[in-house]
Amino acid sequence: MENHSARIRVPKTSELVADQIRAQIVRGELKEGDTLPPEGALLVTLGVSRPTLREAFRILEAENLISVVRGSRSGARVHQPSTDLVSRYAGYVLESQGTTIADLYAARLAIEPTVVRWLATVKGNTPWMPQLKEALADLDEMLKSGHYDEFIDNISHFHQALVEASGNKTLSFLNRMLLNLGRNHQNDYQRRHPRSTEDRVKSFRAGFKSYDKLIKLIEAGDVEGAVAHWRLHLRNANETWATRGEGERIVDSLRS
């Protein structure tokens, strides 16, 4: 009896063409904003039919690696892989799996103190530390100028800059995904639980002082002090965002 489960699927020609172009983009041989050769030239160099090439383009367009202007004589425009796009899709997966808000914040609590420990160990001597201090300065300016809504939106930028200061791309990617989902929940929470301007400003100032203290502890090389401070900061934040029935909510990857 023939073993159907052992059959090997042979990729279609259009998939092989898409693979070839995708590899050039991922490896950096094609940069953001570059244009592919016109369709006629690609048909000759690749030795494929027009329907095959257009199917390959549809595959790459679906992955947001190229954009094609219909009717244009110029080639398709190249786009580098997007972290935001992938993290958004990962958010869809987490939501479909029933991931809770409490689960989300527990993951962040596992990542950021670990990053803080390493940063304090090297006293913040990394090429990316100036970006973290710039994020803090931006928050300071927003607070002083009374741009409170903008301040809220940029808190996540500080958290992301903190993880990026480690230089670890894997942790930075995971953290960006968590922050995107967390920001969705926080925006929704604030719509459902409005506060007075006075209470908001008091909270923002306390948060800013905590961010400022963290950077000072990191630069002083106070490893245990920095880790303990940031773990307490995150736990206090989690008590706001993930308690009183909030923690049981399923993450919302579609809300903005």
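Moving on, we get to the packing of helix H1 (residues 13-26) against helix H3 (residues 50-62). The interhelical angle for the contact between H1 and H3, taken along N-to-C directions, is 55°, at an axis separation of 8 Å. Judged by the angle between their axes, H1 and H3 are oblique. As for how H1 packs across H3, the hand of that crossing is right-handed. The residues of H3 that touch H1, namely those facing Thr13, Ser14, Glu15, Val17, Ala18, Ile21 and Arg22, are Thr52, Leu53, Glu55, Ala56, Phe57, Ile59 and Leu60.

Further remarks concern a negative patch on the surface. A surface patch of negative charge is lined by Glu134, Asp138, Glu141, Glu150 and Asp153. Top contributing element to the negative patch by residue count: helix H6 (residues 129-144), with three residues.

What follows is about helix H10 (residues 223-241). Side chains three or four residues apart in an α-helix point the same way, a direct result of the helix having 3.6 residues per turn. Between its terminal C-alpha atoms H10 stretches 27 Å, which fits the 27 Å expected from 19 residues at 1.5 Å a residue. Within the span of H10, buried status applies to Val223, Ala226, Val227, His229, Trp230, His233, Leu234, Ala237, Asn238 and Trp241. Along its buried surface, H10 packs onto helix H5 (101-121), helix H7 (148-164), helix H8 (169-192) and helix H9 (197-220). Its side-chain oxygen 2.9 Å from the backbone nitrogen of Gly225, Asp222 forms the N-cap of H10.

Under the defined criterion, the tally for this structure stands at 15 salt bridges. For Asp19, the salt bridge is made with Arg22, and the minimal N-O distance between the two is 2.6 Å. On the criterion of helical spacing, the pair formed by Asp19 and Arg22 is a turn pair, its members being three residues apart in helix H1. We classify Asp19 as partly exposed; its relative accessible area is 37%. Using a relative accessible area of 21% as the deciding quantity, one classes Arg22 as partly exposed. Note that Arg58 is salt-bridged to Glu55, the shortest N-O span being 3.0 Å. One end of the pair is Arg58 and the other is Glu55, both in helix H3 and three residues apart, which spans about a single turn. Here the residues in one salt-bridge network are Asp188, Arg192, Glu246 and Arg249, joined through shared partners.

Cut-offs applied
Residues numbered from 1 in each chain as written. Predicted model: local features only at pLDDT ≥ 70, side-chain atom pairs only at ≥ 80, totals over all residues. Heavy atoms only, no water. Axes fitted to C-alpha atoms, helices over the stretch in contact; angles between N-to-C directions. Helix = DSSP H or I, 4+ residues; strand = E, 2+ residues; numbered from the N terminus. Parallel < 35°, antiparallel > 145°, perpendicular 65-115°, else oblique. Left-handed = near helix turned anticlockwise from the far one by under 90°. Contact = heavy atoms within 4.5 Å. Patch = residues over 30% accessible without salt bridge, like charges linked within 9 Å, V, L, I, M, F, W, Y side chains within 5 Å. Areas by Shrake-Rupley, 256 points an atom, 1.4 Å probe, with all protein chains shown as cover. Salt bridge = Lys/Arg side-chain N within 4 Å of Asp/Glu carboxyl O. Lys, Arg positive; Asp, Glu negative; His and termini not counted. Charge placed at Lys NZ, Arg CZ, Asp CG, Glu CD. Expected span 1.5 Å × (residues − 1). Buried < 20%, exposed > 50% of the residue type's maximum accessible area, 1.4 Å probe, protein only. Polar contact = N/O pair within 3.5 Å; in protein donor to acceptor, adjacent residues only side chain to side chain.

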